[in-house]
Number of protein chains: 2
Amino acid sequence: VQTVAIVGVGLIGGSFALALREAGFTGAVLGVSSPGAIRDALEMGVIDRAVSLDEAAQQADLLYLTKPILGILDTLEQLRGKLSPGALVTDGGSTKLAIVEKAMTCITPGQFIGGHPVAGKEISGVGAAEAGLFRGKPYVLTPTDTSQLDSPPVRELMHWIERIGAKLMTLPPAEHDRILASTSHLPQLISTVLAAMLHPEDRPVAGTGLAGMLRLAHSPYSVWGDIFATNRVEVDRALAAYVAALENARYQLAAANLEPLFDRANEAAKTLGPRNGA
Amino acid sequence: VQTVAIVGVGLIGGSFALALREAGFTGAVLGVSSPGAIRDALEMGVIDRAVSLDEAAQQADLLYLTKPILGILDTLEQLRGKLSPGALVTDGGSTKLAIVEKAMTCITPGQFIGGHPVAGKEISGVGAAEAGLFRGKPYVLTPTDTSQLDSPPVRELMHWIERIGAKLMTLPPAEHDRILASTSHLPQLISTVLAAMLHPEDRPVAGTGLAGMLRLAHSPYSVWGDIFATNRVEVDRALAAYVAALENARYQLAAANLEPLFDRANEAAKTLGPRNGA
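Note that this is a predicted model, so its numbers are computed, not measured.

1. Comments concerning the environment of B:Gly10
Residue and element names in this part refer to chain B.
Thinking step 1. Within the secondary structure layout, Gly10 lies in the loop between β1 (3-7) and α1 (11-22).
Thinking step 2. The class for Gly10 is buried, based on a relative accessible area of 19%.
Thinking step 3. Not counting chain neighbours up to four residues away, the residues in contact with Gly10 comprise Ser15, Gly125, Val126 and Ala129.

2. Points about helix α11 (residues 259-271) of chain A
Thinking step 1. The terminal C-alpha atoms of α11(A) lie 19 Å apart, and with 13 residues this matches the ideal 18 Å at 1.5 Å per residue to within 8%.
Thinking step 2. A:Leu261, A:Phe262, A:Ala265, A:Asn266, A:Ala268 and A:Ala269 are the residues of α11(A) that are buried.
Thinking step 3. Against the buried residues of α11(A) lie α10 (232-254) of chain A together with α7 (173-197) and α9 (221-229) of chain B.

3. Topic: the sheet that holds β1(B)
All names here are of chain B.
Thinking step 1. On the basis of which strands lie adjacent, the open sheet formed by eight strands has the order β3-β2-β1-β4-β5-β6-β7-β8 and mixed pairing. Bordering the open sheet on either side are β3 (49-50) and β8 (167-170), each of which pairs with just one other strand.
Thinking step 2. Sheet topology places β1 next to strand β4 (residues 62-65); four bridges connect them, and they run parallel. Of the residues in β4, the one forming a bridge with Val4 is Leu62.
Thinking step 3. Packed onto the sheet, α1 meets β1, β2 (28-32), β4, β6 (111-117) and β7 (138-142) and runs at close to 160 degrees relative to β1.

4. Observations concerning the interface of chain B and chain A
Thinking step 1. Of the residues lining the interface, 81 residues belong to chain B; the matching set on chain A comes to 81 residues.
Thinking step 2. At the junction of chain B and chain A, the tally comes to four salt bridges.
Thinking step 3. Put simply, A:Asp236 and B:Arg250 hold a salt bridge, and the shortest N to O gap is 2.8 Å.
Thinking step 4. Taken together, the links from chain B to chain A amount to 16 residue pairs in polar contact (both at pLDDT 80 or more).
Thinking step 5. Of all the elements in the fold, those that place two or more residues in the side of chain B that touches chain A are β7, α7, α8 (208-213), α9, α10 (232-254) and α11 (259-271) of chain B.
Thinking step 6. The element best represented in the side of chain B that touches chain A is α7(B), accounting for 17 residues.
Thinking step 7. Each residue belonging to the side of chain B that touches chain A can be placed in one class, and the counts come to 51 nonpolar, 16 polar and 14 charged.

5. What to know about the side chain of A:Lys96
Residue and element names in this part refer to chain A.
Thinking step 1. The topology assignment puts Lys96 in the loop between β5 (88-91) and α5 (97-106).
Thinking step 2. Judged by its relative accessible area of 0%, Lys96 is buried.
Thinking step 3. Side-chain polar atoms of Lys96 contact the side chain of Asp91, separated by 2.8 Å.
Thinking step 4. In contact with Lys96, not counting residues within four places along its chain, are Asp91, Gly114, Gly115, His116, Thr142, Pro173, His176 and Asp177.

What counts and how
All residue numbers here refer to positions counted from 1 along the written sequence of the relevant chain. Working convention: letters from A go to chains and numbers from 1 go to ligands, in the order in which they are written. Whole-chain, interface and lining totals are the exception, using all residues; otherwise, since this is a predicted model, local features are given only for residues with pLDDT of at least 70 and side-chain atom pairs are given and counted only at 80 or more. Hydrogens and waters are ignored; side-chain quantities use all the structure's heavy atoms. Numbered from the N terminus, helices here are DSSP runs of H or I no shorter than four residues, and strands are runs of E no shorter than two. Residue exposure (1.4 Å probe, protein chains only): buried if accessible area is under 20% of the type maximum, exposed if over 50%, otherwise partly exposed. Only heavy atoms enter the contact rule, under which two residues are in contact if any of them lie within 4.5 Å. Multiplying 1.5 Å by the residue count of a helix minus one yields the expected span of that helix. Pairing between strands is defined by DSSP: at least two bridges between the two strands are required. Every axis in this analysis is a line fitted to C-alpha atoms, fitted for helices over the stretch in contact. Angles between the N-to-C directions lie between 0 and 180 degrees. When a carboxyl oxygen of Asp or Glu is within 4 Å of a side-chain nitrogen of Lys or Arg, the pair counts as a salt bridge. Polar contact is the term for a pair of N or O atoms within 3.5 Å; when the atoms are in protein, one must be able to donate a hydrogen and the other to accept it, and sequence-neighboring residues count only if both atoms are side-chain atoms. Residue type decides the class: Asp, Glu, Lys and Arg count as charged, Ala, Val, Leu, Ile, Met, Phe, Trp, Tyr, Cys and Pro as nonpolar, and the leftover types, Gly among them, as polar.

Given below as C-alpha coordinates:
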(Lines give C-alpha, C1' and ligand atoms only; values in the text may rest on other atoms or scores of the structure.)
Protein backbone atom coordinates (compact mmCIF):
# COMPACT_ATOMS: atom_id res chain seq x y z
CA VAL A 1 0.00 0.00 0.00
CA GLN A 2 1.45 3.34 -1.10
CA THR A 3 -1.55 5.61 -0.61
CA VAL A 4 -4.49 5.21 1.79
CA ALA A 5 -7.65 7.27 1.53
CA ILE A 6 -9.83 7.54 4.63
CA VAL A 7 -13.39 8.27 3.47
CA GLY A 8 -15.17 9.66 6.54
CA VAL A 9 -12.49 10.91 8.91
CA GLY A 10 -14.15 10.35 12.27
CA LEU A 11 -13.25 8.31 15.34
CA ILE A 12 -12.70 5.00 13.51
CA GLY A 13 -11.20 6.35 10.27
CA GLY A 14 -8.97 8.79 12.11
CA SER A 15 -7.84 6.13 14.57
CA PHE A 16 -7.06 3.75 11.70
CA ALA A 17 -4.88 6.42 10.07
CA LEU A 18 -3.05 7.13 13.34
CA ALA A 19 -2.65 3.42 14.03
CA LEU A 20 -1.15 2.83 10.57
CA ARG A 21 1.39 5.60 11.14
CA GLU A 22 2.32 4.27 14.56
CA ALA A 23 2.71 0.78 13.07
CA GLY A 24 5.25 2.10 10.52
CA PHE A 25 3.17 3.00 7.47
CA THR A 26 5.18 5.55 5.45
CA GLY A 27 2.89 6.17 2.45
CA ALA A 28 0.47 9.04 1.97
CA VAL A 29 -2.79 9.32 3.93
CA LEU A 30 -5.56 11.16 2.10
CA GLY A 31 -8.81 12.24 3.71
CA VAL A 32 -12.31 12.65 2.25
CA SER A 33 -14.64 14.26 4.79
CA SER A 34 -16.65 17.30 5.80
CA PRO A 35 -14.74 20.61 6.04
CA GLY A 36 -14.77 20.56 9.86
CA ALA A 37 -13.42 17.02 10.09
CA ILE A 38 -10.77 17.76 7.47
CA ARG A 39 -9.60 20.85 9.36
CA ASP A 40 -9.31 18.90 12.64
CA ALA A 41 -7.66 15.93 10.90
CA LEU A 42 -5.04 18.12 9.22
CA GLU A 43 -4.37 19.96 12.48
CA MET A 44 -3.92 16.66 14.37
CA GLY A 45 -1.72 15.22 11.63
CA VAL A 46 -4.21 12.40 11.09
CA ILE A 47 -4.18 12.91 7.29
CA ASP A 48 -1.61 14.42 4.94
CA ARG A 49 -4.07 16.16 2.62
CA ALA A 50 -7.73 16.49 1.76
CA VAL A 51 -9.08 15.19 -1.54
CA SER A 52 -12.43 14.66 -3.22
CA LEU A 53 -13.87 11.15 -3.46
CA ASP A 54 -13.04 11.08 -7.18
CA GLU A 55 -9.44 12.03 -6.47
CA ALA A 56 -9.25 9.38 -3.77
CA ALA A 57 -10.56 6.80 -6.25
CA GLN A 58 -7.85 7.75 -8.72
CA GLN A 59 -4.92 8.09 -6.33
CA ALA A 60 -5.38 5.59 -3.49
CA ASP A 61 -4.65 1.90 -3.60
CA LEU A 62 -6.50 1.37 -0.29
CA LEU A 63 -9.82 3.13 0.35
CA TYR A 64 -11.10 2.89 3.94
CA LEU A 65 -14.82 3.79 4.22
CA THR A 66 -15.94 4.66 7.74
CA LYS A 67 -19.16 6.60 7.53
CA PRO A 68 -22.49 5.44 8.98
CA ILE A 69 -23.70 2.36 7.09
CA LEU A 70 -26.09 4.14 4.73
CA GLY A 71 -23.31 6.61 3.96
CA ILE A 72 -20.99 3.70 3.09
CA LEU A 73 -23.64 2.26 0.75
CA ASP A 74 -23.91 5.67 -0.91
CA THR A 75 -20.13 5.97 -1.25
CA LEU A 76 -19.93 2.53 -2.87
CA GLU A 77 -22.47 3.69 -5.43
CA GLN A 78 -20.38 6.79 -6.14
CA LEU A 79 -17.23 4.69 -6.60
CA ARG A 80 -18.82 2.62 -9.36
CA GLY A 81 -16.42 2.35 -12.29
CA LYS A 82 -13.97 4.87 -10.87
CA LEU A 83 -11.30 2.76 -9.20
CA SER A 84 -8.03 1.56 -10.67
CA PRO A 85 -7.90 -2.24 -11.18
CA GLY A 86 -5.39 -2.83 -8.37
CA ALA A 87 -7.27 -0.83 -5.71
CA LEU A 88 -8.73 -2.40 -2.57
CA VAL A 89 -11.78 -0.95 -0.85
CA THR A 90 -12.67 -1.89 2.72
CA ASP A 91 -14.98 -0.40 5.32
CA GLY A 92 -15.61 -0.20 9.05
CA GLY A 93 -19.40 -0.58 9.14
CA SER A 94 -21.11 -2.39 12.02
CA THR A 95 -23.23 -4.61 9.77
CA LYS A 96 -21.78 -6.37 6.76
CA LEU A 97 -24.24 -8.17 4.51
CA ALA A 98 -25.89 -5.09 2.98
CA ILE A 99 -22.52 -3.44 2.44
CA VAL A 100 -20.87 -6.51 0.94
CA GLU A 101 -23.81 -7.10 -1.42
CA LYS A 102 -23.75 -3.49 -2.53
CA ALA A 103 -19.99 -3.61 -3.08
CA MET A 104 -20.30 -6.68 -5.32
CA THR A 105 -22.26 -4.63 -7.86
CA CYS A 106 -20.29 -1.37 -7.50
CA ILE A 107 -16.62 -2.17 -6.95
CA THR A 108 -15.54 -3.25 -10.42
CA PRO A 109 -12.82 -2.72 -11.35
CA GLY A 110 -11.12 -2.95 -7.97
CA GLN A 111 -11.60 -5.36 -5.07
CA PHE A 112 -13.72 -5.07 -1.95
CA ILE A 113 -13.50 -6.79 1.41
CA GLY A 114 -15.84 -5.89 4.27
CA GLY A 115 -14.41 -5.14 7.69
CA HIS A 116 -15.64 -4.41 11.19
CA PRO A 117 -13.27 -3.16 13.87
CA VAL A 118 -15.25 -3.99 17.02
CA ALA A 119 -13.93 -0.97 18.86
CA GLY A 120 -15.25 2.41 19.80
CA LYS A 121 -15.65 4.85 22.57
CA GLU A 122 -18.04 7.30 24.13
CA ILE A 123 -17.06 10.29 22.08
CA SER A 124 -17.27 10.34 18.29
CA GLY A 125 -15.41 12.50 15.79
CA VAL A 126 -11.79 12.68 14.72
CA GLY A 127 -10.91 14.66 17.85
CA ALA A 128 -11.30 11.43 19.84
CA ALA A 129 -9.16 9.37 17.44
CA GLU A 130 -6.20 7.49 18.89
CA ALA A 131 -3.64 5.08 17.51
CA GLY A 132 -4.36 2.49 20.22
CA LEU A 133 -8.12 2.24 19.63
CA PHE A 134 -7.97 -1.22 18.00
CA ARG A 135 -5.39 -2.78 20.30
CA GLY A 136 -6.65 -6.06 21.72
CA LYS A 137 -10.06 -5.60 20.06
CA PRO A 138 -11.67 -7.94 17.52
CA TYR A 139 -11.30 -6.86 13.88
CA VAL A 140 -13.50 -8.96 11.63
CA LEU A 141 -12.96 -9.24 7.87
CA THR A 142 -15.92 -10.68 5.96
CA PRO A 143 -14.88 -12.27 2.65
CA THR A 144 -17.70 -13.75 0.56
CA ASP A 145 -15.21 -16.40 -0.51
CA THR A 146 -12.08 -17.28 1.46
CA SER A 147 -10.03 -17.10 -1.75
CA GLN A 148 -10.40 -13.31 -1.44
CA LEU A 149 -8.02 -13.50 1.50
CA ASP A 150 -5.24 -14.67 -0.85
CA SER A 151 -5.08 -11.54 -3.01
CA PRO A 152 -1.96 -9.45 -2.30
CA PRO A 153 -3.84 -6.24 -1.32
CA VAL A 154 -6.03 -8.15 1.17
CA ARG A 155 -2.98 -9.92 2.59
CA GLU A 156 -1.37 -6.55 3.08
CA LEU A 157 -4.49 -5.20 4.81
CA MET A 158 -4.49 -8.24 7.11
CA HIS A 159 -0.85 -7.57 7.87
CA TRP A 160 -1.65 -3.98 8.92
CA ILE A 161 -4.62 -5.07 11.01
CA GLU A 162 -2.31 -7.31 12.96
CA ARG A 163 0.38 -4.63 13.17
CA ILE A 164 -2.06 -2.19 14.78
CA GLY A 165 -2.67 -4.75 17.53
CA ALA A 166 -6.20 -5.89 16.67
CA LYS A 167 -7.39 -9.50 16.95
CA LEU A 168 -7.99 -10.43 13.31
CA MET A 169 -10.92 -12.75 12.61
CA THR A 170 -12.70 -13.70 9.41
CA LEU A 171 -16.39 -14.54 9.11
CA PRO A 172 -18.85 -14.75 6.21
CA PRO A 173 -20.90 -11.49 6.12
CA ALA A 174 -24.20 -13.14 7.09
CA GLU A 175 -22.51 -14.98 9.95
CA HIS A 176 -20.99 -11.72 11.18
CA ASP A 177 -24.40 -10.05 11.21
CA ARG A 178 -26.01 -13.02 12.97
CA ILE A 179 -23.38 -13.03 15.73
CA LEU A 180 -23.30 -9.26 16.23
CA ALA A 181 -27.10 -9.28 16.49
CA SER A 182 -26.61 -11.28 19.73
CA THR A 183 -23.39 -9.78 21.07
CA SER A 184 -23.95 -6.12 20.22
CA HIS A 185 -27.33 -5.15 18.77
CA LEU A 186 -29.36 -7.16 21.31
CA PRO A 187 -27.44 -5.82 24.35
CA GLN A 188 -28.03 -2.29 23.03
CA LEU A 189 -31.80 -2.83 22.80
CA ILE A 190 -31.88 -4.56 26.20
CA SER A 191 -30.38 -1.46 27.80
CA THR A 192 -32.46 1.00 25.76
CA VAL A 193 -35.75 -0.79 26.52
CA LEU A 194 -34.93 -1.04 30.25
CA ALA A 195 -34.10 2.66 30.48
CA ALA A 196 -37.27 3.69 28.64
CA MET A 197 -39.41 1.44 30.85
CA LEU A 198 -38.32 2.56 34.32
CA HIS A 199 -40.61 4.98 36.11
CA PRO A 200 -38.75 8.24 36.79
CA GLU A 201 -39.79 8.22 40.44
CA ASP A 202 -38.36 4.71 40.96
CA ARG A 203 -34.90 5.45 39.57
CA PRO A 204 -33.45 7.16 42.67
CA VAL A 205 -33.88 3.91 44.64
CA ALA A 206 -31.19 2.14 42.66
CA GLY A 207 -27.66 0.99 43.17
CA THR A 208 -24.66 0.89 40.91
CA GLY A 209 -25.87 -2.29 39.20
CA LEU A 210 -28.69 -0.47 37.42
CA ALA A 211 -26.43 2.38 36.29
CA GLY A 212 -24.14 -0.17 34.64
CA MET A 213 -27.06 -1.79 32.83
CA LEU A 214 -28.16 1.62 31.52
CA ARG A 215 -24.79 2.77 30.22
CA LEU A 216 -25.54 1.69 26.66
CA ALA A 217 -28.89 3.49 26.88
CA HIS A 218 -26.95 6.74 26.38
CA SER A 219 -26.21 5.71 22.76
CA PRO A 220 -28.18 7.83 20.31
CA TYR A 221 -30.43 6.57 17.51
CA SER A 222 -28.18 8.38 15.02
CA VAL A 223 -25.60 5.63 15.62
CA TRP A 224 -28.07 2.73 15.69
CA GLY A 225 -30.70 3.51 13.07
CA ASP A 226 -28.54 2.29 10.18
CA ILE A 227 -27.54 -0.85 12.06
CA PHE A 228 -31.16 -1.89 12.66
CA ALA A 229 -32.12 -0.91 9.10
CA THR A 230 -29.49 -3.29 7.71
CA ASN A 231 -29.80 -6.17 10.21
CA ARG A 232 -33.51 -6.23 10.97
CA VAL A 233 -34.08 -9.97 10.57
CA GLU A 234 -31.19 -11.12 12.75
CA VAL A 235 -31.87 -8.50 15.43
CA ASP A 236 -35.50 -9.61 15.59
CA ARG A 237 -34.39 -13.23 15.82
CA ALA A 238 -32.05 -12.36 18.73
CA LEU A 239 -34.82 -10.39 20.45
CA ALA A 240 -37.24 -13.28 20.05
CA ALA A 241 -34.71 -15.73 21.50
CA TYR A 242 -34.07 -13.40 24.41
CA VAL A 243 -37.79 -12.98 25.11
CA ALA A 244 -38.12 -16.78 25.12
CA ALA A 245 -35.21 -17.03 27.58
CA LEU A 246 -36.85 -14.44 29.84
CA GLU A 247 -40.15 -16.33 29.71
CA ASN A 248 -38.27 -19.44 30.75
CA ALA A 249 -36.72 -17.48 33.62
CA ARG A 250 -40.24 -16.49 34.72
CA TYR A 251 -41.15 -20.16 34.74
CA GLN A 252 -38.07 -21.05 36.79
CA LEU A 253 -38.77 -18.14 39.13
CA ALA A 254 -42.25 -19.53 39.80
CA ALA A 255 -40.73 -22.99 40.33
CA ALA A 256 -38.05 -21.59 42.70
CA ASN A 257 -35.51 -23.13 40.36
CA LEU A 258 -33.32 -20.25 39.12
CA GLU A 259 -30.08 -21.76 40.44
CA PRO A 260 -29.13 -23.64 37.22
CA LEU A 261 -29.64 -20.43 35.21
CA PHE A 262 -27.38 -18.48 37.58
CA ASP A 263 -24.74 -21.22 37.41
CA ARG A 264 -24.72 -21.12 33.59
CA ALA A 265 -24.56 -17.32 33.62
CA ASN A 266 -21.68 -17.28 36.13
CA GLU A 267 -19.77 -19.69 33.90
CA ALA A 268 -20.46 -17.66 30.75
CA ALA A 269 -19.57 -14.35 32.40
CA LYS A 270 -16.20 -15.78 33.43
CA THR A 271 -15.24 -16.48 29.80
CA LEU A 272 -15.69 -12.76 29.07
CA GLY A 273 -12.98 -11.88 31.53
CA PRO A 274 -12.87 -11.13 35.24
CA ARG A 275 -15.49 -8.86 36.70
CA ASN A 276 -14.36 -5.29 37.08
CA GLY A 277 -16.31 -2.79 39.12
CA ALA A 278 -19.76 -3.18 40.64
CA VAL B 1 -27.87 4.23 71.46
CA GLN B 2 -25.35 2.93 73.97
CA THR B 3 -24.75 -0.56 72.63
CA VAL B 4 -25.09 -1.82 69.06
CA ALA B 5 -25.09 -5.51 68.16
CA ILE B 6 -24.26 -6.45 64.57
CA VAL B 7 -25.87 -9.81 63.86
CA GLY B 8 -24.06 -11.18 60.81
CA VAL B 9 -20.73 -9.37 60.59
CA GLY B 10 -20.14 -9.32 56.83
CA LEU B 11 -19.66 -6.57 54.27
CA ILE B 12 -22.80 -4.59 55.21
CA GLY B 13 -22.82 -5.21 58.95
CA GLY B 14 -19.09 -4.60 59.24
CA SER B 15 -19.28 -1.46 57.15
CA PHE B 16 -22.16 -0.16 59.26
CA ALA B 17 -20.09 -0.67 62.43
CA LEU B 18 -17.07 1.10 60.89
CA ALA B 19 -19.27 3.90 59.55
CA LEU B 20 -20.84 4.45 63.00
CA ARG B 21 -17.41 4.75 64.58
CA GLU B 22 -16.21 7.16 61.94
CA ALA B 23 -19.37 9.24 62.44
CA GLY B 24 -18.61 9.58 66.14
CA PHE B 25 -20.44 6.69 67.81
CA THR B 26 -18.72 6.04 71.15
CA GLY B 27 -20.81 3.18 72.57
CA ALA B 28 -20.02 -0.54 72.48
CA VAL B 29 -20.23 -2.57 69.26
CA LEU B 30 -21.03 -6.26 69.79
CA GLY B 31 -20.83 -8.88 67.09
CA VAL B 32 -22.81 -12.09 66.56
CA SER B 33 -21.35 -14.12 63.71
CA SER B 34 -19.47 -17.22 62.62
CA PRO B 35 -16.06 -17.85 64.28
CA GLY B 36 -14.15 -16.81 61.13
CA ALA B 37 -16.04 -13.54 60.72
CA ILE B 38 -15.68 -12.78 64.44
CA ARG B 39 -11.91 -13.36 64.30
CA ASP B 40 -11.54 -11.05 61.28
CA ALA B 41 -13.89 -8.44 62.76
CA LEU B 42 -11.99 -8.34 66.08
CA GLU B 43 -8.67 -8.12 64.25
CA MET B 44 -9.92 -5.24 62.08
CA GLY B 45 -11.42 -3.44 65.08
CA VAL B 46 -14.88 -3.65 63.50
CA ILE B 47 -16.44 -4.96 66.75
CA ASP B 48 -15.43 -4.64 70.38
CA ARG B 49 -16.42 -8.15 71.42
CA ALA B 50 -18.23 -11.27 70.32
CA VAL B 51 -21.47 -12.32 71.98
CA SER B 52 -24.22 -14.88 71.45
CA LEU B 53 -27.56 -13.79 70.00
CA ASP B 54 -29.16 -14.14 73.46
CA GLU B 55 -26.49 -11.92 74.98
CA ALA B 56 -26.97 -9.40 72.17
CA ALA B 57 -30.72 -9.39 72.84
CA GLN B 58 -30.11 -8.68 76.52
CA GLN B 59 -27.33 -6.10 76.18
CA ALA B 60 -27.91 -4.11 72.97
CA ASP B 61 -30.38 -1.30 72.49
CA LEU B 62 -29.88 -1.45 68.69
CA LEU B 63 -29.69 -4.81 66.90
CA TYR B 64 -28.59 -4.65 63.27
CA LEU B 65 -29.43 -7.85 61.37
CA THR B 66 -27.44 -8.28 58.13
CA LYS B 67 -27.55 -11.91 57.14
CA PRO B 68 -29.13 -13.25 53.93
CA ILE B 69 -32.89 -12.71 54.06
CA LEU B 70 -33.85 -16.21 55.21
CA GLY B 71 -31.20 -15.90 57.92
CA ILE B 72 -32.77 -12.63 59.06
CA LEU B 73 -36.21 -14.31 59.22
CA ASP B 74 -34.68 -17.07 61.32
CA THR B 75 -32.96 -14.57 63.63
CA LEU B 76 -36.24 -12.70 64.14
CA GLU B 77 -37.84 -15.97 65.22
CA GLN B 78 -35.00 -16.57 67.69
CA LEU B 79 -35.38 -13.08 69.14
CA ARG B 80 -39.05 -13.68 70.02
CA GLY B 81 -39.70 -12.50 73.58
CA LYS B 82 -36.03 -11.94 74.37
CA LEU B 83 -35.54 -8.20 73.84
CA SER B 84 -35.77 -5.44 76.39
CA PRO B 85 -38.78 -3.12 75.87
CA GLY B 86 -36.68 -0.15 74.70
CA ALA B 87 -34.63 -2.09 72.14
CA LEU B 88 -34.80 -1.34 68.42
CA VAL B 89 -34.19 -4.02 65.82
CA THR B 90 -33.42 -3.13 62.21
CA ASP B 91 -31.99 -5.06 59.28
CA GLY B 92 -30.19 -4.67 55.96
CA GLY B 93 -32.11 -7.19 53.85
CA SER B 94 -32.70 -6.53 50.14
CA THR B 95 -36.43 -7.31 50.30
CA LYS B 96 -38.63 -5.95 53.03
CA LEU B 97 -42.21 -7.23 53.11
CA ALA B 98 -41.45 -10.77 54.31
CA ILE B 99 -39.03 -9.47 56.94
CA VAL B 100 -41.35 -6.73 58.21
CA GLU B 101 -44.29 -9.15 58.44
CA LYS B 102 -42.19 -11.67 60.34
CA ALA B 103 -40.89 -8.97 62.69
CA MET B 104 -44.44 -7.88 63.55
CA THR B 105 -45.09 -11.27 65.13
CA CYS B 106 -41.65 -11.78 66.72
CA ILE B 107 -40.35 -8.43 67.96
CA THR B 108 -42.46 -7.88 71.03
CA PRO B 109 -41.34 -6.47 73.35
CA GLY B 110 -39.04 -4.17 71.43
CA GLN B 111 -39.54 -2.25 68.21
CA PHE B 112 -38.63 -3.15 64.62
CA ILE B 113 -38.06 -1.02 61.55
CA GLY B 114 -36.97 -2.54 58.26
CA GLY B 115 -34.01 -1.08 56.42
CA HIS B 116 -32.20 -1.49 53.11
CA PRO B 117 -28.87 0.17 52.50
CA VAL B 118 -28.72 0.08 48.69
CA ALA B 119 -24.96 -0.35 48.66
CA GLY B 120 -22.58 -3.17 48.08
CA LYS B 121 -19.52 -4.26 46.24
CA GLU B 122 -17.96 -7.10 44.36
CA ILE B 123 -16.40 -8.82 47.33
CA SER B 124 -18.40 -10.00 50.31
CA GLY B 125 -17.27 -10.66 53.87
CA VAL B 126 -16.12 -8.42 56.69
CA GLY B 127 -12.66 -8.17 55.11
CA ALA B 128 -14.18 -5.90 52.44
CA ALA B 129 -16.00 -3.69 54.98
CA GLU B 130 -15.33 0.04 54.84
CA ALA B 131 -16.69 3.07 56.65
CA GLY B 132 -17.52 4.86 53.39
CA LEU B 133 -19.68 2.12 51.87
CA PHE B 134 -22.98 3.96 52.38
CA ARG B 135 -21.82 7.43 51.43
CA GLY B 136 -24.04 8.93 48.73
CA LYS B 137 -26.06 5.70 48.45
CA PRO B 138 -29.79 5.30 49.08
CA TYR B 139 -30.70 3.93 52.52
CA VAL B 140 -34.40 3.03 52.67
CA LEU B 141 -36.30 2.61 55.93
CA THR B 142 -39.65 0.83 55.59
CA PRO B 143 -42.08 1.71 58.39
CA THR B 144 -45.48 0.02 58.26
CA ASP B 145 -46.87 3.22 59.69
CA THR B 146 -45.13 6.58 59.50
CA SER B 147 -45.76 7.12 63.22
CA GLN B 148 -42.99 4.56 63.78
CA LEU B 149 -40.55 7.20 62.58
CA ASP B 150 -41.40 9.35 65.60
CA SER B 151 -40.17 6.94 68.28
CA PRO B 152 -36.89 8.11 69.87
CA PRO B 153 -34.83 4.98 68.94
CA VAL B 154 -35.92 5.23 65.26
CA ARG B 155 -35.15 8.95 65.20
CA GLU B 156 -31.71 8.17 66.55
CA LEU B 157 -31.20 5.48 63.87
CA MET B 158 -32.24 7.99 61.19
CA HIS B 159 -29.76 10.45 62.64
CA TRP B 160 -26.93 7.91 62.31
CA ILE B 161 -27.95 6.94 58.77
CA GLU B 162 -27.58 10.58 57.79
CA ARG B 163 -24.34 10.94 59.74
CA ILE B 164 -22.77 8.04 57.78
CA GLY B 165 -23.50 9.95 54.56
CA ALA B 166 -26.33 7.82 53.13
CA LYS B 167 -29.36 9.28 51.35
CA LEU B 168 -32.18 8.45 53.77
CA MET B 169 -35.54 7.56 52.20
CA THR B 170 -38.68 6.00 53.65
CA LEU B 171 -41.07 3.73 51.77
CA PRO B 172 -43.81 1.29 52.79
CA PRO B 173 -42.35 -2.27 52.67
CA ALA B 174 -44.51 -3.41 49.73
CA GLU B 175 -43.65 -0.26 47.79
CA HIS B 176 -39.95 -0.86 48.45
CA ASP B 177 -40.20 -4.39 47.09
CA ARG B 178 -42.16 -3.25 44.04
CA ILE B 179 -39.61 -0.58 43.15
CA LEU B 180 -36.55 -2.75 43.78
CA ALA B 181 -38.09 -5.46 41.59
CA SER B 182 -37.67 -3.00 38.69
CA THR B 183 -34.47 -1.20 39.67
CA SER B 184 -32.45 -4.12 41.03
CA HIS B 185 -33.98 -7.60 40.72
CA LEU B 186 -35.03 -7.16 37.07
CA PRO B 187 -31.63 -5.78 35.94
CA GLN B 188 -29.98 -8.76 37.65
CA LEU B 189 -32.14 -11.25 35.75
CA ILE B 190 -31.69 -9.34 32.48
CA SER B 191 -27.93 -9.76 32.77
CA THR B 192 -28.08 -13.35 34.01
CA VAL B 193 -30.44 -14.46 31.23
CA LEU B 194 -28.35 -12.71 28.55
CA ALA B 195 -25.13 -14.36 29.75
CA ALA B 196 -26.71 -17.81 29.90
CA MET B 197 -28.16 -17.41 26.39
CA LEU B 198 -25.07 -16.38 24.43
CA HIS B 199 -23.38 -19.09 22.41
CA PRO B 200 -19.81 -19.58 23.68
CA GLU B 201 -18.39 -19.37 20.15
CA ASP B 202 -20.08 -15.99 19.57
CA ARG B 203 -18.74 -14.28 22.68
CA PRO B 204 -15.24 -13.45 21.33
CA VAL B 205 -16.81 -11.23 18.66
CA ALA B 206 -17.94 -8.67 21.19
CA GLY B 207 -16.99 -5.20 22.29
CA THR B 208 -16.91 -3.52 25.66
CA GLY B 209 -20.67 -2.90 25.59
CA LEU B 210 -21.48 -6.57 26.07
CA ALA B 211 -18.98 -6.97 28.91
CA GLY B 212 -20.71 -4.12 30.76
CA MET B 213 -24.11 -5.76 30.29
CA LEU B 214 -22.77 -9.03 31.70
CA ARG B 215 -21.11 -7.60 34.79
CA LEU B 216 -24.09 -8.43 37.02
CA ALA B 217 -24.11 -11.96 35.60
CA HIS B 218 -21.13 -12.71 37.86
CA SER B 219 -23.43 -12.48 40.91
CA PRO B 220 -24.01 -15.90 42.44
CA TYR B 221 -27.34 -17.51 43.25
CA SER B 222 -26.33 -17.65 46.91
CA VAL B 223 -26.90 -13.88 47.02
CA TRP B 224 -30.08 -13.87 44.91
CA GLY B 225 -32.02 -16.98 45.88
CA ASP B 226 -33.47 -15.42 49.05
CA ILE B 227 -34.37 -12.22 47.21
CA PHE B 228 -36.41 -14.06 44.57
CA ALA B 229 -37.95 -16.32 47.23
CA THR B 230 -39.27 -13.28 49.09
CA ASN B 231 -40.24 -11.04 46.14
CA ARG B 232 -41.51 -13.54 43.58
CA VAL B 233 -44.72 -11.74 42.62
CA GLU B 234 -43.17 -8.31 42.05
CA VAL B 235 -40.16 -9.73 40.21
CA ASP B 236 -42.46 -11.66 37.91
CA ARG B 237 -44.53 -8.54 37.34
CA ALA B 238 -41.37 -6.59 36.41
CA LEU B 239 -40.24 -9.39 34.10
CA ALA B 240 -43.63 -9.48 32.41
CA ALA B 241 -43.59 -5.71 31.89
CA TYR B 242 -40.08 -5.93 30.47
CA VAL B 243 -41.04 -8.73 28.08
CA ALA B 244 -43.98 -6.62 26.89
CA ALA B 245 -41.62 -3.66 26.35
CA LEU B 246 -39.25 -5.90 24.34
CA GLU B 247 -42.15 -7.17 22.24
CA ASN B 248 -43.08 -3.57 21.54
CA ALA B 249 -39.48 -2.89 20.52
CA ARG B 250 -39.72 -5.81 18.07
CA TYR B 251 -42.80 -4.19 16.61
CA GLN B 252 -41.06 -0.81 16.29
CA LEU B 253 -38.00 -2.53 14.80
CA ALA B 254 -40.19 -4.04 12.09
CA ALA B 255 -41.80 -0.64 11.52
CA ALA B 256 -38.38 1.10 11.36
CA ASN B 257 -39.62 3.31 14.18
CA LEU B 258 -37.19 2.80 17.06
CA GLU B 259 -36.19 6.46 17.27
CA PRO B 260 -38.83 7.50 19.87
CA LEU B 261 -37.73 4.59 22.09
CA PHE B 262 -34.08 5.67 21.85
CA ASP B 263 -35.02 9.27 22.63
CA ARG B 264 -36.93 8.21 25.77
CA ALA B 265 -34.04 5.97 26.84
CA ASN B 266 -31.44 8.73 26.28
CA GLU B 267 -33.52 11.05 28.46
CA ALA B 268 -33.97 8.44 31.20
CA ALA B 269 -30.29 7.47 31.20
CA LYS B 270 -29.34 11.11 31.73
CA THR B 271 -31.30 11.30 34.97
CA LEU B 272 -29.13 8.48 36.32
CA GLY B 273 -26.04 10.57 35.93
CA PRO B 274 -23.54 11.16 33.15
CA ARG B 275 -22.25 8.19 31.18
CA ASN B 276 -18.93 6.94 32.43
CA GLY B 277 -16.90 4.44 30.43
CA ALA B 278 -17.98 2.50 27.34
